[in-house]
Amino acid sequence: MSSVLRIALQKSGRLSEDSYQLFKECGIRFDYGTGKLKSVSSNFPAEFLFLRDDDIPGYVEDGVADLGIVGENVAVETGRPVQTIHKLGFSKCRLSIAIPRGNEWTGVESLNGKNIATSYPNLLGNYLAGQGVQANIHEISGSVEIAPSIGLAEAVCDIVSSGSTLMSNGLQEVETIFRSEAILIAPSELAPDKQVLVDKLLFRIKSVQAAKNNKYIVLNAPNHALDKIVALLPGMKSPTVTPLATEGWSSVYSVLNENEFWENIEAIRAAGAEGILVIPIEKMIY
Ligand code: ATP
Ligand code: ZN
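Figured I'd write up the structure that's included with this text.

So, how was this worked out
- Residues numbered from 1 in each chain as written.
- Chains lettered and ligands numbered in written order.
- Predicted model: local features only at pLDDT ≥ 70, side-chain atom pairs only at ≥ 80, totals over all residues.
- Heavy atoms only, no water.
- Helix = DSSP H or I, 4+ residues; strand = E, 2+ residues; numbered from the N terminus.
- Expected span 1.5 Å × (residues − 1).
- Bend = angle between axes of the 7 residues up to and from the residue.
- Contact = heavy atoms within 4.5 Å.
- Polar contact = N/O pair within 3.5 Å; in protein donor to acceptor, adjacent residues only side chain to side chain.
- Buried < 20%, exposed > 50% of the residue type's maximum accessible area, 1.4 Å probe, protein only.
- Arc of directions from axis to C-beta.
- Donors = N, O, S within 2.8 Å, 3.2 Å for Na, K, Ca; no water.
- Tetrahedral: all angles 85-135°; square planar, octahedral: opposite > 155°, others 65-115°.
- Pairing = 2+ DSSP bridges.
- Axes fitted to C-alpha atoms, helices over the stretch in contact; angles between N-to-C directions.
- Near = heavy atom within 4 Å.
- Areas by Shrake-Rupley, 256 points an atom, 1.4 Å probe, with all protein chains shown as cover.
- Nonpolar A, V, L, I, M, F, W, Y, C, P; charged D, E, K, R; others polar.
- Domains from an automatic or database assignment.

**Looking at helix 8 (residues 258-270)**
Phase 1: Over its 13 residues, helix 8 extends 19 Å from the first C-alpha to the last, a length consistent with the 18 Å expected when each residue adds 1.5 Å.
Phase 2: For helix 8, the principal kink sits at Asn264 and spans about 45 degrees.
Phase 3: Taken together, the buried residues of helix 8 touch strand 12 (214-222), helix 7 (226-231), strand 14 (249-257) and strand 15 (274-280).
Phase 4: Among the residues of helix 8, the N-terminal cap falls to Asn257, whose side-chain oxygen and the backbone nitrogen of Asn259 are separated by 2.8 Å.

Structural data, given as structure tokens:
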């Protein structure tokens, strides 16, 4: 029987939509939603399992799944010996310590002897041990941010992205202890037939990610300004330059990194470029 990759994804939560989108962009089709627990791709040798994110590292360690997508926070907290295959760049967040707004903060030492509520006892415990701080960690599985107002703890350690949840609960973020994004995990060893499929998938993921970070740019330029403009457009090899029907003008095509684009666009315009078009790229193969 030919081999099939079993991929564990979060059933429904903050990782789900971006995970489904990633496979879609990689051209891998499968059905999800409507309470499904499992789905087989119609055009790639992959089978998807829909699970709670906390359970994914365990399934990957046990080899029930060959790959999984989780937040780094969950991968580290569960402490399962899995390998990170690739960072995926979405579901970015941080794990931070927060205290009631208005309370004085004089540094982590001020947590000595205090009670801290969190869903991440291992990450927090390791951090405090590294800082030489002794505090009482209260593990709770959800709604950590209400702990101070109900008298359970003087501080919390919770996931933050914008900070609005902390704010609306009267808390202020005082220390970031961990930064996280979604990652692709695998068992520490993969069978060779599975590794071939993982490499195939990774190639597609990297092409999709590269395309997202780059833009295709088309512009018109007077011939006397070409040298200057071409120098501002490094491109994948070098820009394509073709003559326009209008005498003395050329059209220039190139690929630019999104950051380079914003840094260079003023200089490109100042050099005489006109009719600049910036076009999204769907896939980018190096
Ligand atoms: P499950 O029901 O699967 O156990 P959950 O409630 O534990 O889900 P979610 O809130 O869906 O988890 O978060 C999943 C992951 O998304 C987190 O572990 C974290 O890596 C990331 N995450 C959490 N909150 C945010 C946020 N506000 N912005 C971006 N990413 C986040
Ligand atoms: Zn969870």
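From this point on, the discussion continues.
**A few points about helix 4 (residues 121-131)**
For an α-helix the count is 3.6 residues per turn, leaving residues at separations of three or four pointing the same way.
Phase 1: Taken together, the buried positions of helix 4 are Pro121, Leu123, Leu124, Tyr127 and Leu128. What you see down the axis of helix 4 is that its buried residues fit within an arc of 165 degrees, all on one side. Set apart from the buried face of helix 4 by more than 90 degrees, the exposed residues are Asn126, Ala129 and Gly130.
Phase 2: Just beyond helix 4, the residue with positive phi is Gly132, at close to 70 degrees.

**Considerations on the coordination of the zinc ion (ligand 2)**
Phase 1: In this structure, Asp53 (OD) and Asp54 (OD) serve as the protein donors to the zinc ion (ligand 2), at separations of 2.0 to 2.1 Å.
Phase 2: Of note is the zinc ion (ligand 2), whose four donor atoms meet at the metal with angles of 74 to 171 degrees in an arrangement that counts as irregular.
Phase 3: For Asp53, a relative accessible area of 16% puts it in the buried group.

**Some remarks on the sheet that holds strand 11 (residues 182-187)**
Phase 1: Read across the open sheet, the six strands follow the order 2-3-1-4-11-5; overall the sheet is mixed. Strands with a single pairing partner mark the edges of an open sheet, and in this sheet they are strand 2 (38-40) and strand 5 (82-87). Along the sheet, successive strands turn relative to each other by an average axial angle of 30 degrees, direction set aside.
Phase 2: Examined bridge by bridge, strand 2 and strand 3 (residues 46-51) share three bridges and lie antiparallel to one another. Note on strand 3: the bridge partner recorded for Lys38 is Leu49.
Phase 3: Strands strand 1 (5-10), strand 3 and strand 4 (67-71) of the sheet are contacted by helix 1 (residues 16-25), whose axis makes an angle of about 145 degrees with strand 1.

**Section: the site of ligand 1**
Phase 1: Looking at ligand 1, there are 15 residues lining it, with Gln10, Arg14, Arg52, Asp54 and Asn73 nearest.
Phase 2: Within the backbone of Arg14, an N or O atom sits 2.7 Å from an oxygen atom of ligand 1.
Phase 3: Asp53 is positioned with one of its side-chain polar atoms (N or O) 2.9 Å from an oxygen atom of ligand 1.
Phase 4: Surface burial for ligand 1 is 75%, taken as the share of its 640 Å² of free accessible area covered by protein chains.
Phase 5: Within the shell around ligand 1, the residues separate by chemical class into four nonpolar, six polar and five charged.
Phase 6: When residues of the shell around ligand 1 are sorted by domain, at least three fall in each of domain 1 (5-90 + 181-211) and domain 2 (93-179).

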